[in-house]
Amino acid sequence: MELVTERLKLEPFRAAHYDGLRAMESDPDIMRYISNGVVKTPEETWESITRVQQRWEKYGFSWWAIREKVSGQVVGATCLQHLANIEGAPLEIGWRLIAEHHGKGYASEAAQAVIAFAKQQIGTSYLVAVAVPENHASQRVMQRIGMTYKAIEQHYDVPCVVYEMHINNRS
């Protein structure tokens, strides 16, 4: 299920996205908020592509690679998944971008497309997003897309700031 925005094309993970995903997952600055700066090995990046493809088959949603429409370059990734990958947990949206693409509004643009997908294709009425408390940039995206602060909770084995969004499905 590809999603298209004004400047971006969101594509479910596939082998062709490896180099762009690898650029993020091998960058300690990007991974500092995801895995305490521990980068993934090339094998782990391949494994994550495979795992995401299996989740797409099982749930009909998971992670998308974010490509710039103009250049075709992978600039990041965004997701809709069960919070902390626990089946039955609330649906979570998330994002990460290659460092040189921070500050362009891509995370907000991609997140809005994922919210629309969650509403129209999945029919969800509630979404959350989480970040480690030090990740102020992600919290600004959460606020920009209309989410509100809920609490600090334990997810992914760390304390996380949780933002939430109630979606009106009547429109």
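Residues numbered from 1 in each chain as written. Predicted model: local features only at pLDDT ≥ 70, side-chain atom pairs only at ≥ 80, totals over all residues. Heavy atoms only, no water.

## Digging into the overall build of the protein
Then, number 1: A tally of regular secondary structure across the protein gives 5 helices and 8 strands.
Then, number 2: Of the regular secondary structure in the protein, the N- to C-terminal order runs β-β-α-α-α-β-β-β-α-β-α-β-β.
Then, number 3: Expected size for 171 residues packed as a compact globule is a radius of gyration near 16 Å; at 15 Å, the protein falls within 12% of this value.
Then, number 4: C-alpha extents for the protein along the principal axes are approximately 40 × 30 × 30 Å.
Then, number 5: Across the protein, contacts joining residues at least 24 apart in sequence account for 58% of those joining residues at least 6 apart.
Then, number 6: Accessible surface, the protein: about 8,600 Å² in total, of which carbon and sulfur atoms supply 51%.
Then, number 7: Each charge class in the protein can be summarised by its mean position, and for the 18 positive and 20 negative side chains these summaries are 6 Å apart. (Helix = DSSP H or I, 4+ residues; strand = E, 2+ residues; numbered from the N terminus. Rg over C-alpha atoms; globule rule 2.2 N^0.38 Å. Contact = heavy atoms within 4.5 Å. Areas by Shrake-Rupley, 256 points an atom, 1.4 Å probe, with all protein chains shown as cover. Lys, Arg positive; Asp, Glu negative; His and termini not counted. Charge placed at Lys NZ, Arg CZ, Asp CG, Glu CD.)

## As for the nonpolar core
Buried together is how nonpolar side chains tend to be arranged in soluble globular proteins.
Then, number 1: Core analysis: the biggest nonpolar cluster contains 46 residues, and Leu 10, Leu 80, Ile 93, Trp 95, Leu 127 and Met 147 have the highest contact counts within it.
Then, number 2: In terms of residue count, the dominant contributor to this core is helix α4 (residues 106–122) (9 residues).
Then, number 3: Among the nonpolar cores identified, the runner-up in size contains 6 residues, and Ala 89, Val 130, Cys 160 and Val 162 belong to it. (Core = buried A, V, L, I, M, F, W, Y, C linked by side-chain atoms within 4.5 Å. Buried < 20%, exposed > 50% of the residue type's maximum accessible area, 1.4 Å probe, protein only.)

## Comments concerning the environment of Arg 140
Then, number 1: Structurally, the position occupied by Arg 140 is in helix α5 (residues 136–144).
Then, number 2: Put simply, Arg 140 and Ser 108 are 32 residues apart on the chain and 9.4 Å apart in space, counted from C-alpha to C-alpha.

## Focus on the pairing of strand β4 (residues 74–82)
Then, number 1: Of all 9 residues that make up β4, 9 are buried, and the element is covered over most of its length.
Then, number 2: Pairing geometry for strand β3 (residues 63–68) and β4, over 5 bridges, is antiparallel. For Trp 64, the partnering residue across the bridge sits in β4 and is Thr 78.
Then, number 3: The antiparallel pairing of β3 with β4 creates a hairpin that spans 5 residues between the two strands, and Gly 72 there sits at a positive phi of about 80°.
Then, number 4: Where β4 and strand β5 (residues 91–97) come together, 7 bridges link them in antiparallel fashion. Opposite Gln 81, over in β5, you have Glu 92 as the bridge partner. (Pairing = 2+ DSSP bridges.)

## Notes on the packing of aromatic side chains
Then, number 1: Taken as a whole, this structure holds 6 aromatic pairs when the rule is applied.
Then, number 2: Taking 5.2 Å as the distance between ring centres and 85° as the angle between the ring planes, the aromatic pair formed by Trp 64 and Phe 117 counts as edge-to-face. Here the residue Trp 64 occupies a position in strand β3, and Phe 117 occupies one in helix α4, the gap between them amounting to 53 residues. Phe 117 matches Trp 64 in its accessibility class, with the two residues each being buried.
Then, number 3: With 5.8 Å between their ring centres and 80° between their planes, Tyr 149 and Tyr 163 make a pair best called edge-to-face. Residue Tyr 149 is found in strand β7 (residues 148–155), and its partner Tyr 163 is found in strand β8 (residues 158–166); the two are separated by 14 residues along the sequence.
Then, number 4: Judged by its relative accessible area of 5%, Tyr 163 is buried. (Phe/Tyr/Trp six-rings, centres within 6.5 Å; stacked < 30°, edge-to-face > 60°.)

## Quick notes on the packing of helix α1 (residues 18–25) against helix α3 (residues 42–59)
Then, number 1: It is the contact of α1 with α3, at a shortest axis distance of 10 Å, that shows an interaxial angle of 125°. Considering their axes alone, α1 and α3 lie oblique with respect to each other. The way α1 lies across α3 gives a crossing that is right-handed. Contacts between α1 and α3 involve Tyr 18, Leu 21, Arg 22 and Glu 25 on the former and, on the latter, Pro 42, Thr 45, Trp 46, Ser 48 and Ile 49.
Then, number 2: Its residues assigned to classes, the contact of α1 with α3 shows 5 nonpolar, 2 polar and 2 charged. (Axes fitted to C-alpha atoms, helices over the stretch in contact; angles between N-to-C directions. Parallel < 35°, antiparallel > 145°, perpendicular 65-115°, else oblique. Left-handed = near helix turned anticlockwise from the far one by under 90°. Nonpolar A, V, L, I, M, F, W, Y, C, P; charged D, E, K, R; others polar.)

Any functional reading would require information that these geometric values do not contain.
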